[in-house]
Amino acid sequence: MFCLISSLSAANIKYEKIQYQDVILFAEAKDTTAASIFVIQLEKDIQSFQKSVGSYLDIPVNVVIAPDSKVYESWIHKHSAIMEFSSGFYNRRNKTIFLKNPKYLKNVSNIRKLLLHEYIHHFVGSFWKDPPLWFNEGMAVYFSDDMGIERELNFAKNYILGNSRRLDQMKNMYPENMIEWESFYAKSGLAVKYLYIKKRRSFYRLWDKAGTTGNFEGAFLNSFFMTVRTFSDQFEDYSKTHFRTGILMASTGLIWGVFPLILIAGVIRKKIKNKKTVERWENNIDIEPDKINGEESTKELEGK
């Protein structure tokens with residue numbers, strides 16, 4: 001906390017400090033009203049998240065709101081390239097979430113997801129110093145409700161294009177190639193989703209084992225009864241199946257996307273055909289006005 005306050009004071013910005021249970025907000029006076037709304041919602045989301053994973057911790061976290069875009073850019077300047085495209089990040093040393101000013105973040109739903117995403121990094125970091133990057137990011141992606149159908153389909157697309165790595169290759173660092181970033185987040189989220197949905201009891205046990213083993217791999221082995229490397233192999237087999245399902249879903253979505261166009265085209269074609277039929281009848285009537293009645297006129301109309 002002292003390091004954080006010192007760094008904020010050095011920036012020559014007058015921050016106000018407001019505490020909401022375990023969330024401590026630092027923001028300029030002009031931003032406290034808007035920021036308070038998001039922080040209060042974060043408190044609710046934290047409680048819901050902790051209930052989902054079956055582990056409850058009172059671990060204070062700081063949230064610092066950038067007064068403007070220039071200040072935020074100065075924060076991320078010396079960090080990894082992946083942060084250049086982010087609207088917020090977590091600093092483990094200061095136990096702090098740094099957030100871009102809310103006026104630059106138009107989507108309220110995205111702000112809510114972002115704050116919870118960064119808090120989950122704080123939560124995971126309070127259990128282990130060495131969790132694999134795929135697990136850390138996967139927890140944040142999946143439990144912040146950022147693992148939608150679009151992300152799963154994106155995973156399928158990147159899988160077929162060869163932009164997907166094995167989990168054991170996603171342990172310590174992000175891909176250098178920006179094209180692989182989305183695939184990295186998608187696969188990490190799917191891996192955690194798999195552990196949570198398919199092995200729920202072991203997933204809950206993982207948090208209980210965290211304090212007794214001292215490291216992630218030991219806790220993982222004692223909870224899931226397999227090594228992290230073995231899970232990487234197992235999940236790779238699952239990914240192949242999930243990839244085929246994703247392609248099928250994409251194909252189905254394409255069919256249903258095109259189907260209305262086919263119907264519209266059919267209706268237009270039918271209207272054009274009907275119009276031509278009416279025009280032919282009208283032309284026949286104009287040409288033969290004196291032969292409307294009688295058998296002879298009917299035959300002549302049919303012949304024409």
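The structure we're discussing is the one just above.
Fair warning: this is a prediction, and the values are worked out from it, not measured in the lab. (Residues numbered from 1 in each chain as written. Predicted model: local features only at pLDDT ≥ 70, side-chain atom pairs only at ≥ 80, totals over all residues. Heavy atoms only, no water.)

## Considerations on the packing of helix α5 (residues 133–143) against helix α7 (residues 181–198)
Thought 1: With their axes 7 Å apart at the nearest point, α5 and α7 run at an angle of 80 degrees to one another. As the angle between them shows, α5 and α7 are arranged roughly perpendicular. Contacts between α5 and α7 involve L133, W134, F135, E137, G138, M139, V141, Y142 and F143 from the first element and F184, Y185, S188, G189, A191, V192, K193, L195, Y196 and I197 from the second.
Thought 2: When grouped by side-chain class, the residues that make up the contact of α5 with α7 number 14 nonpolar, three polar and two charged. (Axes fitted to C-alpha atoms, helices over the stretch in contact; angles between N-to-C directions. Helix = DSSP H or I, 4+ residues; strand = E, 2+ residues; numbered from the N terminus. Parallel < 35°, antiparallel > 145°, perpendicular 65-115°, else oblique. Contact = heavy atoms within 4.5 Å. Nonpolar A, V, L, I, M, F, W, Y, C, P; charged D, E, K, R; others polar.)

## A short note on the nonpolar core
Soluble globular proteins tend to bury their nonpolar side chains together.
Thought 1: The biggest cluster of nonpolar side chains holds 63 residues, and the ones touching the most others in it are Y119 and M139.
Thought 2: Among the elements that make up this core, the one with the highest residue count is α7 (nine residues).
Thought 3: Apart from the residues within four sequence positions on either side, M139 is in contact with F49, V53, I120, V124, S144, V192, F203 and W207.
Thought 4: In this structure, V64, V71, Y72 and F89 belong to the second largest nonpolar core, which totals 12 residues. (Core = buried A, V, L, I, M, F, W, Y, C linked by side-chain atoms within 4.5 Å. Buried < 20%, exposed > 50% of the residue type's maximum accessible area, 1.4 Å probe, protein only.)

## Considering helix α6 (residues 149–160)
Thought 1: A rise of 1.5 Å per residue sets the reference length of α6, with its 12 residues, at 16 Å; its end C-alpha atoms lie 17 Å apart and thus fit the reference within 8%.
Thought 2: The set of residues buried in α6 consists of R151, E152, N154, F155, A156, N158 and Y159.
Thought 3: Within two residues after α6, G162 carries a phi angle of roughly 80 degrees, on the positive side. (Expected span 1.5 Å × (residues − 1).)

## Focus on the sheet that holds strand β3 (residues 61–65)
Thought 1: Read across the open sheet, the five strands follow the order β1-β2-β3-β5-β4; overall the sheet is mixed. Looking at the sheet topology across the chains shown, the edges are occupied by β1 (16–20) and β4 (88–91). The sheet shows a mean angle of 20 degrees between the axes of neighbouring strands, direction not considered.
Thought 2: This element, helix α2 (residues 32–53), spans β1, β2 (23–27) and β3 of the sheet and lies at about 160 degrees to β2. (Pairing = 2+ DSSP bridges.)

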